[in-house]
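Chain residues, written in single-letter form:
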Amino acid sequence: MFRFLPAVRNAFARNSNFQKIVNPCVLRKQSTLAVEAKSETPAQTISSTSKFEYSKYGFPLEGKLQNPFGSRIQAWMKKMENNAPVKIVELDRRVFASPVRIDLIHRVVGYERNAMRQGTHFTRTISEVRGSSKKAAPQKGRGKARVGSIRAPHIRKGAVAHGPKPRSHATKIQRNVWRAGLRSVISAKYQQSQLLIFDSLKLESIKTKYLNSILTNNGWIDKKKSLNCANVLFLVDMTDAKNIDSEYYSLAIAHKNIPGVSVLDMNETLVYEVLRHKYLVLDMNSVEFLTKKLTAL
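Cut-offs used in this document
Residues numbered from 1 in each chain as written. Predicted model: local features only at pLDDT ≥ 70, side-chain atom pairs only at ≥ 80, totals over all residues. Heavy atoms only, no water. Helix = DSSP H or I, 4+ residues; strand = E, 2+ residues; numbered from the N terminus. Buried < 20%, exposed > 50% of the residue type's maximum accessible area, 1.4 Å probe, protein only. Polar contact = N/O pair within 3.5 Å; in protein donor to acceptor, adjacent residues only side chain to side chain. Contact = heavy atoms within 4.5 Å. Patch = residues over 30% accessible without salt bridge, like charges linked within 9 Å, V, L, I, M, F, W, Y side chains within 5 Å. Areas by Shrake-Rupley, 256 points an atom, 1.4 Å probe, with all protein chains shown as cover. Salt bridge = Lys/Arg side-chain N within 4 Å of Asp/Glu carboxyl O. Lys, Arg positive; Asp, Glu negative; His and termini not counted. Charge placed at Lys NZ, Arg CZ, Asp CG, Glu CD. Core = buried A, V, L, I, M, F, W, Y, C linked by side-chain atoms within 4.5 Å. Pairing = 2+ DSSP bridges. Right-handed = clockwise from strand over helix to strand, strands pointing away.

A. Quick look at the side chain of His 255. Position of His 255 relative to the elements: it lies in the loop between α9 (249-254) and β5 (261-265). Overall, His 255 belongs to the buried group, its relative accessible area being 13%. A distance of 3.0 Å separates a polar atom in the side chain of His 255 from the backbone oxygen of Ala 252. Each residue touching His 255, except ones within four places of it in the same chain, is listed here: Leu 211, Val 261, Ser 262 and Val 263.

B. Layout of unusual backbone geometry. One non-glycine residue with positive phi stands out, namely His 162, at about 55°. By the secondary structure assignment, His 162 is in the loop between α6 (102-116) and α7 (175-191). For Ser 193, which is not a glycine, the phi torsion comes out positive at approximately 60°. Its relative accessible area of 58% is what places Ser 193 among the exposed residues.

C. Structural context of a positive patch on the surface. Where like charges cluster on the molecular surface, the positive patch consists of Lys 135, Lys 140, Arg 142, Lys 144 and Arg 146. Considering the arrangement of structural elements, one finds Lys 140 in the loop between α6 and α7.

D. Molecular detail of the nonpolar core. Of all hydrophobic cores here, the largest spans 38 residues; its most connected members are Leu 91, Phe 96, Leu 182, Leu 280 and Leu 282. In terms of residue count, the dominant contributor to this core is α7 (8 residues). Beyond its immediate sequence surroundings of up to four residues, Leu 280 is in contact with Ile 186, Gln 194, Leu 195, Leu 196, Leu 233, Leu 235 and Val 274. Membership of the second largest hydrophobic core comes to 21 residues, among which are Leu 203, Trp 220, Tyr 248 and Val 281.

E. Inspection of the pattern of salt bridges at higher detail. Under the counting rule described, the total for this entry stands at 5 salt bridges. Where Asp 199 meets Lys 79, a salt bridge forms, and the shortest distance between an N and an O atom there is 3.5 Å. Remark: Lys 79 occurs in the loop between β1 (74-78) and β2 (85-90) and Asp 199 occurs in the loop between β3 (195-198) and α8 (208-217); sequence separation between them is 120 residues. You can call Lys 79 partly exposed: its relative accessible area is 39%. The partner of Arg 276 in a salt bridge is Glu 273, and the shortest N-O contact between them spans 2.9 Å. On the criterion of helical spacing, the pair formed by Arg 276 and Glu 273 is a turn pair, its members being 3 residues apart in helix α10 (residues 271-276).

F. Quick look at the pairing of strand β4 (residues 232-236). Judged by how many residues are buried, β4 sits mostly within the fold: 5 of 5 residues are covered. Alternating residues of β4 divide into Val 232, Phe 234 and Val 236 and Leu 233 and Leu 235, and every residue in both groups is buried. By the bridge criterion, 5 bridges tie β4 to β5 in an arrangement that is parallel. From the neighbouring strand, Leu 233 faces β5, where its bridge partner is Ser 262. You can see the chain leave β4, run along α9 and come back into β5, and the turn it takes is right-handed. In this sheet, strand β6 (residues 279-283) lies alongside β4 in parallel orientation, the contact comprising 3 bridges. Bridging across to β6, Val 232 finds its partner in Tyr 279.

That's the geometry; what it means functionally is another story.
Structure below.
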């Protein structure tokens, strides 16, 4: 269907539940059943145009997609220290129960990773390579091939033909496409029970050992695998995190030496980072911010 980036493909492959959510065959079957239920004609009389669209694009449009979530979207708010439930919170269906569009996720991840590239690659052209400009050998009389500049690309230590130059690899994407990609990733985390909402992210200590014990005891990180994989992403407001009186001051310091644990400012949310980490951790401030940002026109 699509040629996915390795980062997207690997993130999907790590979790078998995600494949059930975004499997195009399952979604295509659900959409076909929905169309048959609404139509008065049997499935055999579906026009060849509709069948061609499904076989060509492999993914039904959002208007035809049957949403697998219920009418009421709820989640447990828990305490971070012991993972004990506090109360049930209502979540916006448009953000946390959006259809999972892997085609949009692929586009957004490609856009974000292109912007991350340094673009500092550099090669020298024939006018930049060090060497004499004198003709290396006479044109005639040697019985050998003619030789011009010793800085030519086919000469050893010569220039590079059509080599890379420093440039920006950044691409453009529509704002609504980026928002739809973020909604898809958050909805997938919600359905996989990998979306964690806490009443407060304020820690009693700034010690890394304290935060590491909380994450390990609750099963959010694995000591054996934490060095090679991303486990937990905290999405919080980091604008005032350097202030010692801030709620996130201890979290911003304690997470630095724990492999696989990241803290990201909610104003700089990246779909790639949410997709790369297994668990997404939010508090009510982050939930309200994402709801307001992803439902704005």
